[in-house]
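Residue strings, one per chain:
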Amino acid sequence: MSLINTEIKPFKATAYKDGKFIDVTEASLKGKWSVVVFYPADFTFVCPTELEDLADHYAEFQKLGVEIYGVSTDTHFAHKAWHDTSDAIKKVQYPLVGDPTGALTRNFEVMIEEEGLALRGTFVINPEGVIKVCEIHDNGIGRDASELLRKVKAAQYVASHPGEVCPAKWKEGAATLKPSLDLVGKI
């Protein structure tokens, strides 16, 4: 069963953001667009490159009204230590959520049980708390923030333009499609 078009499950976690520890719950993700990015662990190799890439694009996500949440099964204390010691992670301004019990990671079905780590899961959640994009990678494959940004823009466009869909490689301002009987077999 897919998580697409399902509502996020209740959770409570602690995150490190802007030099403080903050509470994050499912209510934190509602009322605006959210991106939740699961990664295996702090102090690793691919993870800081991804989180830094997101940090480099954070202002663009913010302009779209999107908050990003980075999540691993590390504690919020480990997130702070990583932030204080890594040049890449020092750039991160979005919350880094600690999930040491794995509850949140299991809610999003990205837990590797035998390792206690998360797969690289990316979720775009609409303001109602419904998952609109779900992408899960093997942990050896890094993600691209610019492609995620494109997907967020497409999800927002489709949400605000009922009856229209975004074709492959759609970019903001490009033509969309209006599915209809007349369109069948014409593409």
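To keep things clear, this report deals only with the structure shown in the data block. (Residues numbered from 1 in each chain as written. Predicted model: local features only at pLDDT ≥ 70, side-chain atom pairs only at ≥ 80, totals over all residues. Heavy atoms only, no water.)

The tendency in soluble globular proteins is for nonpolar side chains to be buried side by side. Core analysis: the biggest nonpolar cluster contains 24 residues, and Val-35, Leu-51, Leu-54, Phe-61 and Tyr-94 have the highest contact counts within it. Those elements that place two or more of their residues in this core are strand 3 (33-38), helix 1 (46-63), strand 4 (66-72) and helix 5 (145-160). Looking at this core, the element that brings in the most residues is helix 1, giving six residues. If we ignore the near neighbours within four places in the chain, the residues touching Tyr-94 are Tyr-16, Lys-17, Leu-51, Leu-54, Ala-55, Tyr-58, Glu-67, Ile-68 and Gly-70. Formed by 19 residues, the second largest nonpolar core is a distinct cluster that contains Val-24, Leu-104, Phe-108 and Val-110. (Core = buried A, V, L, I, M, F, W, Y, C linked by side-chain atoms within 4.5 Å. Buried < 20%, exposed > 50% of the residue type's maximum accessible area, 1.4 Å probe, protein only. Helix = DSSP H or I, 4+ residues; strand = E, 2+ residues; numbered from the N terminus. Contact = heavy atoms within 4.5 Å.)

This brings us to empty space enclosed by the protein. Counted under the stated rule, the structure contains one cavity of 30 Å³ or more. If you add up the space inside the largest cavity, you get close to 40 Å³. Every residue along the wall of the largest cavity is listed here: Phe-11, Val-24, Leu-29, Val-36, Tyr-69, Val-71, Val-97, Leu-104 and Phe-108. (1 Å grid on protein atoms, 1.4 Å probe; cavity = no way out; pocket = protein on both sides within 12 Å on 5 of 7 lines; lining within 4 Å. Points joined across faces, edges and corners; volume = space filled by probe spheres on them.)

The next subject is the pattern of salt bridges. Scanning all chains against the criterion turns up 13 salt bridges. Between Glu-7 and Lys-30 there is a salt bridge, and its shortest N-O distance comes to 2.6 Å. Taken together, the residues span a long stretch of sequence, with Glu-7 in the segment before strand 1 (12-17) and Lys-30 in the loop between strand 2 (20-25) and strand 3 at a distance of 23 residues. By relative accessible area, Lys-30 is classed as partly exposed at 32%. As a salt-bridge pair, Asp-84 and Lys-80 come within 2.3 Å of each other at their nearest N and O atoms. Taken together, the residues Asp-84 and Lys-80, both in helix 2 (residues 76-85) and four residues apart, mark about one turn of the helix. Using a relative accessible area of 31% as the deciding quantity, one classes Lys-80 as partly exposed. (Salt bridge = Lys/Arg side-chain N within 4 Å of Asp/Glu carboxyl O.)

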